[in-house]
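Analysis of the macromolecular model
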Amino acid sequence: MKRGLVIGKFMPMHQGHVTLLEHASSHCDLLTIVVCSMDEEPISGEQRVTWIRQQCPHARIQWLHREMPQEPQDEHDDRFWDIWRKELKHLHPEKVHRVFGSEPYILRLAEEMDGAEPCIFDIKREQVPISGSAIRRSPYDYWEFIPKIVRPYYVKRVLITGPESCGKTTLAQRLAEIWNTTWTPEYAREYIDIELNQVMDHLTPEDLTVIAKRHYEQEHYAWLNGHHVTFSDTCAIETEVYANEFFGHVDPFIKSLIQPERYHLALLMKPDIPWEADPQRNLEDRRQEFYGKFKEKLEEYRIPYVEVGGLWEERIGNASVQIHQLMREINSCE
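Thresholds, definitions, all that
Residues numbered from 1 in each chain as written. Predicted model: local features only at pLDDT ≥ 70, side-chain atom pairs only at ≥ 80, totals over all residues. Heavy atoms only, no water. Helix = DSSP H or I, 4+ residues; strand = E, 2+ residues; numbered from the N terminus. Rg over C-alpha atoms; globule rule 2.2 N^0.38 Å. Buried < 20%, exposed > 50% of the residue type's maximum accessible area, 1.4 Å probe, protein only. Contact = heavy atoms within 4.5 Å. Areas by Shrake-Rupley, 256 points an atom, 1.4 Å probe, with all protein chains shown as cover. Lys, Arg positive; Asp, Glu negative; His and termini not counted. Charge placed at Lys NZ, Arg CZ, Asp CG, Glu CD. Patch = residues over 30% accessible without salt bridge, like charges linked within 9 Å, V, L, I, M, F, W, Y side chains within 5 Å. Salt bridge = Lys/Arg side-chain N within 4 Å of Asp/Glu carboxyl O. Pairing = 2+ DSSP bridges. Right-handed = clockwise from strand over helix to strand, strands pointing away. Domains from an automatic or database assignment. Axes fitted to C-alpha atoms, helices over the stretch in contact; angles between N-to-C directions. Phe/Tyr/Trp six-rings, centres within 6.5 Å; stacked < 30°, edge-to-face > 60°. Lys NZ or Arg CZ within 6 Å of the ring centre and 35° of its normal.

Thoughts on the overall build of the protein chain
- For the protein chain, the count of helices and strands is 12 helices and 10 strands.
- Its C-alpha atoms give the protein chain a radius of gyration of 26 Å, clearly above 20 Å, the size a compact globule of 334 residues would have.
- Along the longest, intermediate and shortest principal axes, the C-alpha atoms of the protein chain span 80 × 40 × 30 Å.
- For the protein chain, with 334 residues in total, the buried portion stands at 49%.
- Within the protein chain, contacts between residues at least 6 apart in sequence are counted, and of these 71% link residues at least 24 apart.
- Within the structure as shown, the protein chain displays about 16900 Å² of accessible surface, and the carbon and sulfur contribution to it stands at 48%.
- The average position of the 39 basic charges and that of the 55 acidic charges among the side chains of the protein chain differ by 5 Å.

Below, the structure written as structure tokens:
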């Protein structure tokens, strides 16, 4: 049996890593991948291990999470190599036959692993011209080099909230078209149409729990498939407000779905456009009141938000400015 070894930070895992790991897997019988991480790095080691496990379910994944010297002081720095050899032999006690990588240090590392064969792959980055540091500096400029399982890490999630008949659905759909991405419709409308035949008086607390759960699931799917950003028309916060208002009680499960860190930004829609009648709407005289309730909740949960009002073109323009600003926030350690 030929045992292979790959070590790296995978911060983040990109298409160059995927190509290397596929090459290594095809040239050994058992591949061990060591994910190296330290506490102060911008992407958690746990997240990187998860990506590697998803990408290479056939491989043995080891997580080396500790402060390690990153560069030898010179080519004769035996202490540096003693530290790394000890740690790697602890993680891979069996004989290593081949060491794979795209860096010159692979030659010395293979030697330290009892004379394993060094297999240097695409050292000039000609097959996949990308690096982890480039992606960290500007992920959206190198989107095509980010594997699908990694992309959600960089997808910004925008909540669109507000009272009835204030344009949430229209804005979510328009922004998704502009950004060529996914959006999540308000599941309550579909549920009431199909399950209750639009008879609002039949709505129960149990229905609200089903609505919140299903919307959360659809929102998660949209996030996994988003292109740079994804938009959600309402969330469990609205369900909490309506449950309190009409039933005086909120299912703890609904509250568990309210995860403030889930959203990078909320667009709070002002009720300053004409009311549009709809069989599912009955709060025309209370729009301003509920606007205040939703605003209080965003502040309570400390979700960053901006208020969006005015005529339609103004709303879309103002919202687009906020999205552009959000996208300029770079996930970077540089």
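Here the narrative resumes.
Topic: a nonpolar patch on the surface
- Together, Leu107, Ile120 and Ile123 make up a nonpolar patch on the protein surface, roughly 250 Å² of accessible area in all.
- Mapping Ile123 onto the fold places it in the loop between strand S5 (117–120) and helix H5 (132–137).
- Owing to a relative accessible area of 41%, Ile123 belongs among the partly exposed residues under this scheme.

Considering the pairing of strand S2 (residues 30–37)
- With 7 of its 8 residues buried, S2 lies for the most part within the structure.
- The pairing of strand S1 (residues 3–8) with S2 spans 6 bridges and is parallel. When the bridges of S2 are listed, Arg3 appears paired with Leu30.
- In this fold, S1 hands off to helix H1 (residues 15–26), which returns the chain to S2; that crossover is right-handed.

Quick notes on the domain arrangement of the protein chain
- Splitting the protein chain by domain gives domain 1 (3–145) and domain 2 (155–328).
- Between the C-alpha centres of domain 1 and domain 2 there is a distance of 43 Å.

Re the sheet that holds strand S3 (residues 60–65)
- Here we have 5 strands laid out as an open sheet, ordered S3-S2-S1-S4-S5, and parallel in their pairing. At either end of the open sheet lies a strand with only one pairing partner, and these are S3 and S5. Averaged over neighbouring strand pairs, the angle between their axes works out to 25 degrees when direction is ignored.
- Sheet topology note: the strand S4 (residues 98–101)/S5 ladder contains 4 bridges and is parallel. Bridging from a neighbouring strand, Val99 pairs with Pro118 of S5.
- Relative to the sheet, helix H2 (residues 45–55) contacts S2 and S3, its axis offset from that of S2 by approximately 160 degrees.

Remarks on the environment of Gly167
- Considering the arrangement of structural elements, one finds Gly167 in the loop between strand S6 (156–161) and helix H6 (168–179).
- In this structure Gly167 comes out as buried when scored by relative accessible area, which is 16%.
- Taking the C-alpha atoms as reference points, Gly167 and Glu299, separated by 132 residues in sequence, lie 21 Å from one another.
- Beyond its immediate stretch of four places on either side in the chain, Gly167 contacts Met269, Ile273 and Trp312.

Focus: the packing of aromatic side chains
- In total, this model carries 10 aromatic pairs according to the counting rule given.
- Judged by centre distance (6.2 Å) and plane angle (55 degrees), the ring pair of Tyr187 and Tyr191 falls under tilted. Here Tyr187 and its partner Tyr191 are both found in helix H7 (residues 187–195), 4 residues apart, which amounts to about one turn of the helix. A single burial state applies to Tyr187 and to Tyr191, both of which are buried.
- Their ring planes at 80 degrees and their centres at 5.9 Å tell us that Tyr242 and Phe294 sit as a pair that is edge-to-face. Within this pair, whereas Tyr242 is found in helix H9 (residues 236–247), its partner Phe294 is found in helix H11 (residues 287–300), the two being separated by 52 residues in sequence. Considered together, Tyr242 and Phe294 belong to a single accessibility category, that of buried residues.
- Taken together, the aromatic side chains of Tyr242, Phe246, Phe290 and Phe294 make up a single cluster linked through ring pairs.
- Between the NZ or CZ atom of Lys293 and the centre of the ring of Phe290, over which it lies, the distance is 6.0 Å.

Things to note about the pairing of S4
- Pairing geometry for S1 and S4, over 3 bridges, is parallel. Note that in S4 the partner of Leu5 across the bridge is Val99.
- For the handedness criterion, the β-α-β arrangement of S4, helix H4 (residues 106–112) and S5 is classed as right-handed.

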